Number of protein chains: 4
Amino acid sequence: MIVVLKPQTTEEKRDHLIAWLKSQGVDIHLSVGTDYTIIGLVGNTAGIDVELLESLEMVMAVRRVGEPFKQCNRMFHPADTVIEVGGVKLGGGNFCMIAGPCSVESEDQILEVARAIQASGATILRGGAFKPRTSPYAFQGLRFEGLKLLSEAKRATGLPIVSEIMNVNHLPLFEDVDIIQVGARNMQNFDLLQELGRIHKPVLLKRGLANTLKELLMSAEYIMAGGNEQVILCERGIRTFETYTRNTLDLSAVPKLQELTHLPVVVDPSHATGEAKLVPSMALAAAACGADGLMIEVHNDPAHAKCDGAQSLTPAQFDDLARRVRAVREALA
Amino acid sequence: MIVVLKPQTTEEKRDHLIAWLKSQGVDIHLSVGTDYTIIGLVGNTAGIDVELLESLEMVMAVRRVGEPFKQCNRMFHPADTVIEVGGVKLGGGNFCMIAGPCSVESEDQILEVARAIQASGATILRGGAFKPRTSPYAFQGLRFEGLKLLSEAKRATGLPIVSEIMNVNHLPLFEDVDIIQVGARNMQNFDLLQELGRIHKPVLLKRGLANTLKELLMSAEYIMAGGNEQVILCERGIRTFETYTRNTLDLSAVPKLQELTHLPVVVDPSHATGEAKLVPSMALAAAACGADGLMIEVHNDPAHAKCDGAQSLTPAQFDDLARRVRAVREALA
Amino acid sequence: MIVVLKPQTTEEKRDHLIAWLKSQGVDIHLSVGTDYTIIGLVGNTAGIDVELLESLEMVMAVRRVGEPFKQCNRMFHPADTVIEVGGVKLGGGNFCMIAGPCSVESEDQILEVARAIQASGATILRGGAFKPRTSPYAFQGLRFEGLKLLSEAKRATGLPIVSEIMNVNHLPLFEDVDIIQVGARNMQNFDLLQELGRIHKPVLLKRGLANTLKELLMSAEYIMAGGNEQVILCERGIRTFETYTRNTLDLSAVPKLQELTHLPVVVDPSHATGEAKLVPSMALAAAACGADGLMIEVHNDPAHAKCDGAQSLTPAQFDDLARRVRAVREALA
Amino acid sequence: MIVVLKPQTTEEKRDHLIAWLKSQGVDIHLSVGTDYTIIGLVGNTAGIDVELLESLEMVMAVRRVGEPFKQCNRMFHPADTVIEVGGVKLGGGNFCMIAGPCSVESEDQILEVARAIQASGATILRGGAFKPRTSPYAFQGLRFEGLKLLSEAKRATGLPIVSEIMNVNHLPLFEDVDIIQVGARNMQNFDLLQELGRIHKPVLLKRGLANTLKELLMSAEYIMAGGNEQVILCERGIRTFETYTRNTLDLSAVPKLQELTHLPVVVDPSHATGEAKLVPSMALAAAACGADGLMIEVHNDPAHAKCDGAQSLTPAQFDDLARRVRAVREALA
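Residues numbered from 1 in each chain as written. Chains lettered and ligands numbered in written order. Predicted model: local features only at pLDDT ≥ 70, side-chain atom pairs only at ≥ 80, totals over all residues. Heavy atoms only, no water.

**Quick look at the overall build of chain A**
Phase 1 of the analysis: Across its full length, chain A holds 10 helices and 14 strands.
Phase 2 of the analysis: Expressed as a percentage of the 333 residues in chain A, the buried residues total 66%.
Phase 3 of the analysis: Taking the intrachain contacts of chain A between residues at least 6 apart in sequence as the baseline, contacts between residues at least 24 apart amount to 66%.
Phase 4 of the analysis: Split by element, the accessible area of chain A, about 11200 Å² in all, is 48% carbon and sulfur. (Helix = DSSP H or I, 4+ residues; strand = E, 2+ residues; numbered from the N terminus. Buried < 20%, exposed > 50% of the residue type's maximum accessible area, 1.4 Å probe, protein only. Contact = heavy atoms within 4.5 Å. Areas by Shrake-Rupley, 256 points an atom, 1.4 Å probe, with all protein chains shown as cover.)

**Here we look at the sheet that holds strand β8 (residues 124-126) of chain D**
Residue and element names in this part refer to chain D.
Phase 1 of the analysis: A barrel is described by the order of its strands in space; here eight strands give the closed sequence β7-β8-β9-β10-β11-β12-β13-β14, paired in parallel fashion. Pairwise comparison of adjacent strand axes, ignoring direction, gives a mean angle of 30 degrees for this sheet.
Phase 2 of the analysis: By the bridge criterion, two bridges tie strand β13 (residues 265-267) to strand β14 (residues 293-297) in an arrangement that is parallel. Its bridge partner lying in β14, Val267 is registered against Leu294. (Pairing = 2+ DSSP bridges. Axes fitted to C-alpha atoms, helices over the stretch in contact; angles between N-to-C directions.)

**Quick look at the sheet that holds strand β12 (residues 231-235) of chain B**
Each strand in a sheet pairs with another by means of backbone hydrogen bonds, the pair being arranged parallel or else antiparallel.
Residues and elements named next belong to chain B.
Phase 1 of the analysis: Spatially, eight strands are ordered β7-β8-β9-β10-β11-β12-β13-β14 in a closed barrel, and the strand pairing comes out parallel. Across the sheet, the axes of successive neighbouring strands diverge by a mean angle of 30 degrees, strand direction being ignored.
Phase 2 of the analysis: Inspection of the sheet shows β12 paired to strand β13 (residues 265-267) by three bridges, in the parallel sense. Residue pairing across strands places Cys234 opposite Val266, the latter belonging to β13.
Phase 3 of the analysis: Sitting on the sheet, helix α3 (residues 107-119) touches β7 (96-100) and β8 (124-126), and the angle it makes with β8 is about 145 degrees.
Phase 4 of the analysis: Lying over the sheet, helix α10 (residues 315-332) contacts β7 and β14 (293-297), oriented at roughly 170 degrees with respect to β7.

**Brief notes about the pattern of salt bridges**
Phase 1 of the analysis: Scanning the model with the defined rule gives 72 salt bridges over all chains in all.
Phase 2 of the analysis: The residue Glu259 of chain C makes a salt bridge to Lys277 of chain A at a minimum N-O spacing of 3.7 Å. Linking Glu259 of chain C in helix α7 (residues 253-260) with Lys277 of chain A in the loop between α8 (269-273) and α9 (279-288), this pair reaches from one chain into another.
Phase 3 of the analysis: In this structure Glu259 of chain C comes out as partly exposed when scored by relative accessible area, which is 32%.
Phase 4 of the analysis: Residues Lys154 of chain D and Asp176 of chain D are paired through a salt bridge, measuring 3.1 Å at the closest nitrogen-oxygen approach. Taken as a pair, Lys154 of chain D in helix α4 (residues 144-157) and Asp176 of chain D in the loop between β9 (161-165) and β10 (179-182) lie far apart in primary sequence, 22 residues in all.
Phase 5 of the analysis: Asp176 of chain D gets classed as partly exposed once you look at its relative accessible area, which sits at 30%.
Phase 6 of the analysis: Taken together, the salt bridges that share partners define one network made up of Arg207, Glu235 and Asp250 of chain A together with Glu242 of chain C. (Salt bridge = Lys/Arg side-chain N within 4 Å of Asp/Glu carboxyl O.)

Below, the structure written as structure tokens:
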């Protein structure tokens, strides 16, 4: 971190600031020029309050040089993280199709979908049991019952499963779930993240609707700081002024995240667009730009889905898409 | 809700759709014109999936007529809600100054600030004990210790207190807290909202950084649907592309919310701007446009605050601001 | 368009409104129900002021059913528009690579780049002569001299050329330019659009940084309303809160625009990302999601480019990218 | 500007970069530390391409210390600019009410409105003659005829007039117009700005819908760089994800701009909100936060206005508002 002082700053004031900075546990590298006086801060600057420094009368500017995230920073861990779950690898060149219904609705539904996506090449089954809904009057998921049906589908197919957690107290219910998903609205539910830092299970962390990539990485850092290094990042669209699509899928997040971090990055085009018609093209785009995986909603009867039917592919549509995704990946291999 | 069918739709398809809609528990009012066929949905349409309807081949457009929120909707409850806590009224013409430090740091600090803001006319004391921080390496608050110090300040001054909850399991710790605050990042932590719907205590609900007013009202609805009707809404800045200010304070939210709902609306200019220099002008603007209250960060020594010092006013600055806020309100009375 | 009246509206008021609507040149279809009274507006509703209608006391809601754009609407012209320029086709399945430097700097530079991109398979040469720069102190382009150099490169290679116009008075200077580009900042420079509606030459219209797809289509409509139907739409990134990338490339705009309009849609990943490292992955993504063409900045010496060097590929990088783009397209054919 | 090099950078590479930077006309201040090597750039850095520097392999970070705008920078011109037009002063403590119809429609209309707003205390008359409309099918203004009617109203009342220019070629038509307005959509029409830099008349420059304050100041700089120092800045709402209001009025722009620049700042709450009901509260807020003036739409018959009737106040509503604005300003004097 670099602190630039205003030209008129007295030596006394400057030394007072330096003493205070040292008391915060950082080393100081002073550079006095004719125009600028620059204080370089070395060491662990993560605890330094940038905005406070900026508000001081003598300070002209404060600029971070390094990134505030450490454990997920590729600079310190150049090799890709590979997540392994139930024999399936994700990251480090291992591409992975995650598919399944928005919410688990019945035994027949989840089994039928699980078998269909498996036949089409998906290797992880998704299914919502606890559903975050904007309206308190909307269907909230089958809850624990949904998790049990998901487990049945896992046993029947051998597919590892991923499902969203909304409440730190539900963690014991997720014992059989292979990857725990943190939804966009909980990306900065720091208490939940800290709790997930204590478990030994991969976490799929979705980017919040208005969160920067830096914040996404800081949230991954929360989990990793607790000791759990198995974090999968997920781009699922951000909120912009555009209204023709539900959200704006930010695909440049994929190569940018892969530059910044060693964690795998998957893309969810279903929630991003909110419209089944747009899912295939966005899934192909995600594969082409190097995503480590896709997460796609598939429903055996979208028109009667209890939730997000509008964005679900039929098994047949998914099969066609999976084939085309493979073709794109082979073309770029 | 209105569903407009495409011109070519057959009667059979139309009747099939109508039957399905009826099975969802709504009444139907059909209007067949030369150009449009319009299906009007009457009754509780909150459970109808608009996006699913839109995705049907025969449907041209779906438009909501009414708002999806009920209990907080002013149309059904024209009179302002007045929140009363510790002898202090908020809403329905009762203006209220909430002030205090970003985080409680010590007994001396909170007592000194509490007495200062009380002397300046504030009637509710704020203070953070559990702090949501973007970085896991930043100060996270004194936690329960902070709540105890806040309680001491309450006893010493008689001021009711407000503090932020981050975890549904902490609720028992908040017994002495008069108003429970839900922070911007938890505005759509639906499990937390549902839990707060079961208590008998006012909740101060902050608008999320990228949440629409409609979503804010739907989150209030989550609390009210559980039986707790004491919700205070708080505008605290939204995220935009502008970088000179931390967030963009959306003051038009104040009159717009007051038109849509009977709940009181307060404004937090401290978090919105992130800069003490901008707080007074935004606080005055909020008072001028009719906010029911203000929530201002005050610290006895901002330069050494453990959190958000850059946006904190000194007691003297707050005193001056409080005087000017009163002057504006009197001028508009 | 549909106007929904409030339940209590008197017949007299209603009839007064209907008379006024008819005087605006639209036909009326009235539907009186027990709960809603709905006025359907039929005919040319483009001149109706939706916001004014909404502001009337008796009006509950106004909803557009159709789109306000006509000539570019695919509903009325299902077949793809194919633009042909100098033997090169764009749209309707004809994919096109447009490449060249951000700004024309010298004869050597533009000739070298033109030959290189042609060898790599690009079929249209881009080059800026008039440069819109945020700062008045930055390089503003070679202006007319730049256009002349671009023409020389066209003669030397046979490649048709595209260049940006910034001022309606410069139109005579663009006689030899095959496709006239309207930059993002001029997307709603309506006087310029109207003027371009009177010429017989393709226009490449870039989406503004904060413009919706609907507004982009309305701007295309301005050109088409004047008689010029050769419009190419270009997605080049929108402005969001994210700061790691210069803009956020909105690739879902590609399939959505192709659904809404018959005009070709190209993607400019260079301006969107602002960073050469991100350009290939975003170009591949654009090709995979079905864009009709790409517009890529290529410079023979990016480190010494007078403008936007950071986002320019070298000819070798472009050659590699072009090869991979072809592979993706073949895989999806 | 500060350039931070990566730790491993060789001296040779560093010196090569320094030589190149010097060739760009800036002075260099080198600071070699154990951890960082920092190159300070002194002098006119406005022409340095930050993104290009950042893209160099050896560069870790580039940070601007000063602002890229010079002439409008308060640091170099601490005293407020005061604009004087037809005996009316704006800026430097001189508050000013600008009012009038969105578009000039007839002699009767403009005269009636002009007399009404004058009676209520407005000192400048606004009226649109050339109207930028999203749709080519909407009313585009009376054009030169509108300017003539505006001139008549000026002669009849003595009020100076302000009207929007959309085309650089229309400048001769604006001879009698006292303040030339540049609309939000033309804020970065750099050719127009440059032309306005050559005239001797105040320019009212509106912030673009997605433009940062820095870009607004850079556009003011375009005008000032040409020699015209009479620029009035106008905040009129920015585009966000919120849909209940047309735009989001960014009132923190007022104190922030006043800190950054010596130019006067006025606020247009009519276009920002798009709704007459919200205009008074936002106007009062703007006055309370220290705006140098207001720009309000007033129409004698809003329900029949040809443009933006929904956001226009009646003369009676404006009279009431003007009285309240004065009360707020007196309370804060």
